Amino acid sequence: MTAAQHPSACPACDAVPLAEALAGGKGGEEGRMVLSVPAAHCAVCINTVEHALEAVPGVRSARMNLTLKRVSVETDPGLSPDLLTRALSAVGYEAQELDGTMLSTTETDRQSRDFLMRLGVAGFAMMNVMILSVAVWSGASDVTRDMFHWVSGAIALPAVAFSAQPFFISAWRSLRVRRLNMDVPISLGIILASLMSLVETALHGQEAYFDAALSLTFFLLAGRYLDQRTRVAARSAAEALSALEVPRAQRPGGEIVAVSDLKAGELVRVLPGGRMPVDGVVRDGETEIDRGLLTGETLPVRVAPGDAVSAGEVNLTGPLTVEITAAGRDTRLHRMADLVAMAETARNRYTSIADRAARIYAPLVHVLALSAFVAWFAATHDLRFSVNIAVALLIITCPCALGLAVPAVSTAASGRLFRRGLLIKSPTALERLAEVDLVVFDKTGTLTEGRPELAGDLAGSAEDRVALALAQASMHPLAVALAAAGQAAGLTPATLEDVREVPGHGVEALHGGARVRLGRADWVGALPEAGTATYLGIGGATRAYRFTDHPRAGAEQAVVGLKALGLEVELLSGDVPSAVGEMAARLGIPSWAADLRPEEKAARIEALRVAGHRVLMVGDGLNDTIALAQAHVSISPASALDAARVVADIVALGGSLEHLPEAVRTARRAKARILENFALAAAYNIVAVPFALAGLASPLLAALAMSSSSIIVSLNALRLR
Amino acid sequence: MNVLAYLIPISLLLGGLGLAAFFWALRRGQYDDPEGDSQRFLSDEFDDRPKG
């Protein structure tokens, strides 16, 4: 029944034109940027965020939209979004840049206003016609009644023609592919009610259903608006987050260009901390790169001239010049995303409860109306009367409550989860989430921050102080972690001279005349240990500092909570067995597998599916995307790679996983409410249909029944909030 | 019943005014951020004039 909001069958396809438009628009030149700020929730937040941004030189103005949790910033041309996100994180708000062109945001705003406009017109017309109808119900007759009917018609017909368009369009689309969705009986009901009322008015009849046609339109439009509104909030963020890999690259001369302008054979420069924009071969420079997002490995890999790098990998220590072998849609990253899109189409065949209900409901009602017409015509030979009975039946059974049953609930549920930082991207995600019985986690970047943490404490020995001093000189993640641990332990760094960083190897310096090094085992002269470690070489002696990956905030609560809900939990990772086993033990996950390639992860999900499980996959990397697409329902953190986010049904904003059990619980309750609402709607029909069949239905009865059932269904949905 | 000849047009006119006001508010973006607007008035910063 939500066909009107499905522009395309595959979410990944939706993101493609967006990314192209973005790349083509050379984002940022317009001097307008949109940042997602999921944590903002109050008046103080608005002020803090806006002031922090306006204090950044080059920012002209900033305006926070609290409903959508995003802030739009007018800037001088060429201002870097990093400055803005850094300014926000300095005041305690995690922020992410959304698409630079504002293309999709203005589009969704426009749609939203469009719906609200139709809703306003329908509401206005409904109230006015209802007032006129009260006169008719209370006994106006003859010329007066006819006049009231004509005035009602003059208001109702244009209003219906304008307001009910979304239903007509969706119904027409559905009929053209020979399917029945909920909009077909809705449209038929509205059109027949209007036409029959017009004919009755012209023939000086007693009963006109203009008010019914309008209230039908109004209530259903309200459901549709709610539906669209929540989806806009979720989609604008989730879809636009795919623009996170800001599609810009630097040429060796320092010129910043859009990735879409790059061709194979050209050179690009990738600075430490930057992400590879293209596939290529290193021509100059040595560094370590983090492949975690692509493979799930936590250990950085060393690369030197001649080594291949792939788009999406992060350069850690030294500047690189890379010769492009593939750019844009030819990169390994994008080819993989294409595979994922194919895996996805299978899942998009999931039929929502509403569609299943529509499939039973629509033919049933139409057959009922037709047989009522045939029976009454056979009995009375009165064409006008029989048609009136049939139309009254269609109006009475018209699925006001059914049309509100699902959107009212999913709005309440999505809103509840949105406030906890979970964006529901797919309209059927909640239903699928409610059916889940097994949760599969990825490790690196999902259960963990993908950020190392020193194992054990620093004792404060002379060696530790040297190591701390060396670590402070580098931006390598292990060095940063070591420096942080040293600061936390309150150590004073040793005095060093002649400190220099050797890209791809480590940091070296002179300490009291002797050479000291901190870095890779082979460079320092130490024996490599298992797991992630950095090595200190001092006066011929070496020492290893070991690191573990820090679990993401709320990971433990998430696992405990999910188990408490009766779900099985599994851990599948591409990382080495020692690291995976350690993490599984730490979080209490009994079953785990390591060293998995992306296809093997997907195969495991498929095996679970065949065994009868409904799998929830939580993952963030490119190595997870196929598995994410294969699973019954999937969740990605906002920090995930764009391909993963696009595939996932739900995106978790903010760093924490603690709301996962809440999401499952809410989904289950939402499904229960939806079924209750259907039961209420069915009960109402069982009572109302005999009246209509017996020819006892009146416009007053229809108005009462329609309003009361709609309100009851909405109130039931509100219990979720 | 002649009073209806005045009352109906008047009621329609008033309703139409309301509808026009709604259109105006909608086009001015006053429904774009209901949540934010409900919070903004708590801050004394926007007392003199709303933020553009």
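It should be noted that the structure appears before, not after, this text.
No experiment lies behind these values; they were computed from the predicted model shown.

A. Inspection of the overall build of chain B at higher detail. The secondary structure content of chain B amounts to two helices and zero strands. A compact globule built from 52 residues should have a C-alpha radius of gyration of about 10 Å, whereas chain B, at 18 Å, is more than 25% larger. Each of the three principal axes of chain B carries a C-alpha extent, and together these read 55 × 20 × 15 Å. Here chain B holds 52 residues, and 27% of them are scored as buried. Carbon and sulfur atoms form 63% of the exposed surface of chain B, whose accessible area is close to 3900 Å². Taking the 5 positively charged and 8 negatively charged side chains of chain B as two groups, their mean positions are separated by 10 Å.

B. Highlighting the sheet that holds strand S9 (residues 287–290) of chain A. All names here are of chain A. Read from one edge to the other, the open sheet built from three strands follows the order S10-S9-S12, with strand pairing classed as antiparallel. Edge positions in the open sheet fall to strand S10 (301–303) and strand S12 (314–315), since each of these has one partner strand only. Relative to S12, S9 is paired through two bridges, and the arrangement is antiparallel. Bridge pairing in S12 places Asp290 opposite Val314.

C. Layout of the sheet that holds strand S16 (residues 448–454) of chain A. All names here are of chain A. Strand order in the open sheet made by the six strands is S16-S21-S20-S19-S18-S17, with antiparallel pairing throughout. Where the open sheet ends on each side, the last strands, each with one partner, are S16 and strand S17 (497–502). Strand-to-strand twist in this sheet, taken as the mean axis angle between neighbours without regard to direction, amounts to 20°. As defined by bridge partners, strand S18 (residues 506–511) adjoins strand S19 (residues 514–519) across six bridges and the pair is classed as antiparallel. Bridged to Gly506 within S19 is Gly519. Its contacts with the sheet put helix H17 (residues 477–488) on S16, S19, strand S20 (532–538) and strand S21 (541–551), and the angle it makes with S16 is roughly 55°. In the packing of helix H20 (residues 577–587) onto the sheet, contacts are made with S16 and S21, and the angle to S21 comes to roughly 50°.

D. Structural context of unusual backbone geometry. Residue and element names in this part refer to chain A. For His204, which is not a glycine, the phi torsion comes out positive at approximately 55°. Of note, His204 is situated in the loop between helix H7 (183–202) and helix H8 (210–241). Look at His204 and you get exposed, because its relative accessible area is 53%. You will see that His381, though not glycine, has its phi angle at about 55°, which is positive. The residue His381 is located in the loop between helix H11 (353–380) and helix H12 (383–397) in this model. Overall, the relative accessible area of 61% leaves His381 in the exposed class.

E. Representation of the pattern of salt bridges. Counted by the stated rule, this structure contains 27 salt bridges over all chains. Residues Asp37(B) and Arg63(A) are paired through a salt bridge, measuring 3.9 Å at the closest nitrogen-oxygen approach. Pair noted here: Asp37(B) is in helix H2 (residues 34–40) and Arg63(A) is in strand S2 (residues 59–65), and the two residues belong to different chains. Note on Arg63(A): relative accessible area 27%, which makes it partly exposed. Among the ionic pairs, Glu200(A) bridges to Arg384(A), the shortest N-O distance being 2.7 Å. Note that Glu200(A) is positioned in helix H7 and Arg384(A) in helix H12, a separation of 184 residues in sequence. Given the relative accessible area of 4%, Glu200(A) is considered buried. Counted as one network, the salt bridges with shared partners bring together Arg416(A), Arg420(A), Glu662(A) and Arg665(A).

F. A look at the packing of aromatic side chains. Using the criterion set out here, one finds five aromatic pairs over all chains in the structure. Ring centres of Phe373(A) and Phe377(A) lie 6.0 Å apart, and the angle between their planes is 15°; this geometry places the pair in the stacked category. Of the two residues, Phe373(A) and Phe377(A) both sit in helix H11, four residues apart, roughly one turn of that helix. The partly exposed category is assigned to Phe373(A), whose relative accessible area is 23%. Residue Phe377(A) is classed as partly exposed on the basis of its relative accessible area, which comes to 32%. Ring centres of Phe22(B) and Phe23(B) lie 6.2 Å apart, and the angle between their planes is 45°; on these two criteria the pair is classed as tilted. Here Phe22(B) falls in the buried class, since its relative accessible area comes to 17%. Cluster of aromatic residues (ring-pair linked, three or more members): Phe22(B), Phe23(B) and Tyr31(B).

G. Broad picture of helix H5 (residues 142–163) of chain A. Taking 1.5 Å per residue, 22 residues should reach 32 Å; H5(A) reaches 31 Å between its end C-alpha atoms and fits that length. Listing the buried residues of H5(A) in full gives Arg145(A), Asp146(A), Phe148(A), His149(A), Val151(A), Ser152(A), Gly153(A), Ile155(A), Ala156(A), Ala159(A), Val160(A) and Ser163(A).

H. Layout of the interface of chain A and chain B. Listed as interface residues are 28 residues of chain A and, on the opposing side, 28 residues of chain B. The shortest N-O distance in the salt bridge between Glu50(A) and Arg40(B) comes to 2.9 Å. Elements represented by at least two residues in the side of chain A that touches chain B include exactly helix H2 (43–54), S2, helix H4 (103–137) and H5 of chain A. No other element matches H4(A), which puts eight residues into the side of chain A that touches chain B. Across the side of chain A that touches chain B, the residue classes break down as 15 nonpolar, eight polar and five charged.

I. Summary view of the pairing of S19(A). Residue and element names in this part refer to chain A. What sits between S18 and S19 in their antiparallel hairpin is a turn of two residues, with Gly512 showing a positive phi close to 55°. Relative to S20, S19 runs antiparallel, the two being bridged by four bridges. From the neighbouring strand, Leu518 faces S20, where its bridge partner is Leu536.

J. Representation of a negative patch on the surface within the structure. On the surface, a cluster of negative charge is contributed by Asp44(B), Glu45(B), Asp47(B) and Asp48(B). In this structure Glu45(B) comes out as partly exposed when scored by relative accessible area, which is 37%.

K. A look at the packing of H5(A) against helix H1 (residues 3–27) of chain B. Closest axis-to-axis distance for the H5(A)/H1(B) pair is 13 Å, and the angle between their directions is 15°. Taken as axis vectors, H5(A) and H1(B) run roughly parallel relative to one another. Between H5(A) and H1(B) the crossing geometry is right-handed. Taking contact as the criterion, the partners of Thr144(A), Met147(A), Phe148(A), Val151(A) and Ile155(A) in H5(A) are, on H1(B), Leu4(B), Ile8(B) and Leu12(B).

L. Layout of the nonpolar core. Residue and element names in this part refer to chain A. Tyr209, Leu433 and Phe441 are the most contacted members of the largest nonpolar core, which totals 116 residues. No other element matches H4, which puts 13 residues into this core. Membership of the second largest hydrophobic core comes to 24 residues, among which are Val466, Ala479, Leu491 and Tyr545.

M. Broad picture of helix H19 (residues 555–564) of chain A. Residues and elements named next belong to chain A. Those residues of H19 that sit buried are Ala555, Ala558, Val559, Gly561 and Leu562. On the buried face of H19, the contacting elements are strand S15 (438–441), helix H15 (443–447), strand S22 (568–572), H20 and helix H24 (660–693). Positioned one or two residues after H19, Gly566 has a phi angle of 85°, which is positive.

What counts and what doesn't
Residues numbered from 1 in each chain as written. Chains lettered and ligands numbered in written order. Predicted model: local features only at pLDDT ≥ 70, side-chain atom pairs only at ≥ 80, totals over all residues. Heavy atoms only, no water. Helix = DSSP H or I, 4+ residues; strand = E, 2+ residues; numbered from the N terminus. Rg over C-alpha atoms; globule rule 2.2 N^0.38 Å. Buried < 20%, exposed > 50% of the residue type's maximum accessible area, 1.4 Å probe, protein only. Areas by Shrake-Rupley, 256 points an atom, 1.4 Å probe, with all protein chains shown as cover. Lys, Arg positive; Asp, Glu negative; His and termini not counted. Charge placed at Lys NZ, Arg CZ, Asp CG, Glu CD. Pairing = 2+ DSSP bridges. Axes fitted to C-alpha atoms, helices over the stretch in contact; angles between N-to-C directions. Contact = heavy atoms within 4.5 Å. Salt bridge = Lys/Arg side-chain N within 4 Å of Asp/Glu carboxyl O. Phe/Tyr/Trp six-rings, centres within 6.5 Å; stacked < 30°, edge-to-face > 60°. Expected span 1.5 Å × (residues − 1). Nonpolar A, V, L, I, M, F, W, Y, C, P; charged D, E, K, R; others polar. Patch = residues over 30% accessible without salt bridge, like charges linked within 9 Å, V, L, I, M, F, W, Y side chains within 5 Å. Parallel < 35°, antiparallel > 145°, perpendicular 65-115°, else oblique. Left-handed = near helix turned anticlockwise from the far one by under 90°. Core = buried A, V, L, I, M, F, W, Y, C linked by side-chain atoms within 4.5 Å.

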